Every structure is written in C-alpha cells, then in structure tokens.
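This is what each chain is made of:
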Amino acid sequence: MKSSENIVLIGFMGVGKGTVARELSVNLEKFNLDCDDLIESSLNLKIKDIFETMGEAHFRAIEKNLAKFLAKNVKNAIISTGGGFVNVKGLNKIGRVIYLKAGFDFIIERLKNSENSEKKFAKRPLLQDLEKARELYKSREKIYEKKADIIVNVENKTPKQIAKEIKKIISKS
Ligand code: S3P
C-alpha cells in the first residue's frame, strides 16, 4: 500500500478501534486522528450531549461532513472511527479500510470487565439498552464486512498483537 494512504479502522462500539489506532500510530510513526474526538472538539460538546441536545440525525450529518473533510484533506494518518461512521458516503475514498471484528457478547463482556467500565458504557448513547445494541450489531455486521478492505479478527488478542498483525498485512499489500 502507498505509504501516504490513510488507514481507517472500523468496527462496533467498544471493539478497541481507538486503542489499536494509538498502538498502530506508534508502530508506523503516523499521526492518529479519532473521528469522535474531532467531532467533540469541533462542537465543544461530548458525543453523549450531541445525541441528547441535537439528536442522532444531526450527529450522523456531522459524520458525513467529517468524511468529506478527511477524504479531501488528510493523508498518511491512522483514522479511528465511531461505530456508525461506516455508513458515510465514500468511506473507501478516505483510505484503506480495516474492520476490527469481534462477536457482540465478546465485546460486551470485555467492556464490563475493563477498567472504567461504567464510564465506557455511560459515554455511549447506543450502549444504554443492550438488547437494542445487539440488534444494531446484527444490522451492521454485514455492512462492516462489505466496506472492509481487510478484516482482522480481534478476539482474545492484545492491541499490540492486533497492531502487529495489521502492520504485517499492509506491508505485503
Ligand atoms: C456510535 C459509536 C460511538 C460514537 C457514537 C455512535 C455508533 O463510537 O460514534 O456514540 O453508532 O456505533 P465508538 O464506536 O468509538 O464507541
């Protein structure tokens, strides 16, 4: 892959996109941009508050604008996305899309057992009702697979191992 091409990490909430992106950016000596962080800092509001005060549809519109911005202006970066960013138009124009894949129950169990677990659930409006979240997971599974250039199964692997695996795959392509 061209060295200036962005790497775009997609996958369900809590799968570890941000952690893996940070690991990868250290590994590949590239800057890491996190879509949710960019949206939060641009609106000076937390995602949770954007959902509460402006509604989900508004958040999705901002994601679409951000996708256009990234495709036009950013090169040579590791980009971690929110779980719903996969639905923006032109995702593949931003860069090489890597799907971090894990089962729903695995993700939820790991989140429950992680440090600051409560905060990790509280900051995600779409993880408040786990049955609804499971339905969302089911409806998104195929979309993630379809949009991905590369699929990496991340269950039972550390962020370091995952980053190493990604590095190996992209060095060959
Ligand atoms: C969302 C995922 C979140 C965040 C927002 C909506 C989603 O990001 O963008 O709460 O629709 O799946 P994470 O995937 O980092 O939790």
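Residues numbered from 1 in each chain as written. Predicted model: local features only at pLDDT ≥ 70, side-chain atom pairs only at ≥ 80, totals over all residues. Heavy atoms only, no water.

- Going by what an unreviewed UniProt entry lists, the protein is known as Shikimate kinase and is assigned to Campylobacter mucosalis CCUG 21559.
- The Subcellular location (unreviewed entry) field of the UniProt record for the protein holds the comment "Cytoplasm".
- What UniProt states about the protein under its Catalytic activity (unreviewed entry) heading is, verbatim, "shikimate + ATP = 3-phosphoshikimate + ADP + H(+)". (UniProt positions renumbered as here; feature names shortened; annotations may be inferred.)

Description of the nonpolar core
At step 1: L9, F85, L91, I98, L100 and I166 are the most contacted members of the largest nonpolar core, which totals 52 residues.
At step 2: When neighbours within four sequence positions are excluded, F85 is seen to be in contact with C35, E63, L66, A67, L70, L91 and I94. (Core = buried A, V, L, I, M, F, W, Y, C linked by side-chain atoms within 4.5 Å. Buried < 20%, exposed > 50% of the residue type's maximum accessible area, 1.4 Å probe, protein only. Contact = heavy atoms within 4.5 Å.)

Notes on the sheet that holds strand β3 (residues 77-80)
At step 1: What the 5 strands build is an open sheet, ordered β2-β3-β1-β4-β5; its pairing is parallel. Of all strands in the sheet, those bounded by a partner on one side alone are β2 (31-34) and β5 (150-153). Neighbouring strand axes in the sheet, compared pairwise and without regard to direction, differ in orientation by 25 degrees on average.
At step 2: The pairing of strand β4 (residues 95-101) with β5 spans 4 bridges and is classified as parallel. Across the sheet, the residue bridging to I98 is I150, located in β5.
At step 3: Packed onto the sheet, helix α8 (residues 130-147) meets β1 (6-10), β4 and β5 and runs at close to 140 degrees relative to β4. (Pairing = 2+ DSSP bridges. Helix = DSSP H or I, 4+ residues; strand = E, 2+ residues; numbered from the N terminus. Axes fitted to C-alpha atoms, helices over the stretch in contact; angles between N-to-C directions.)

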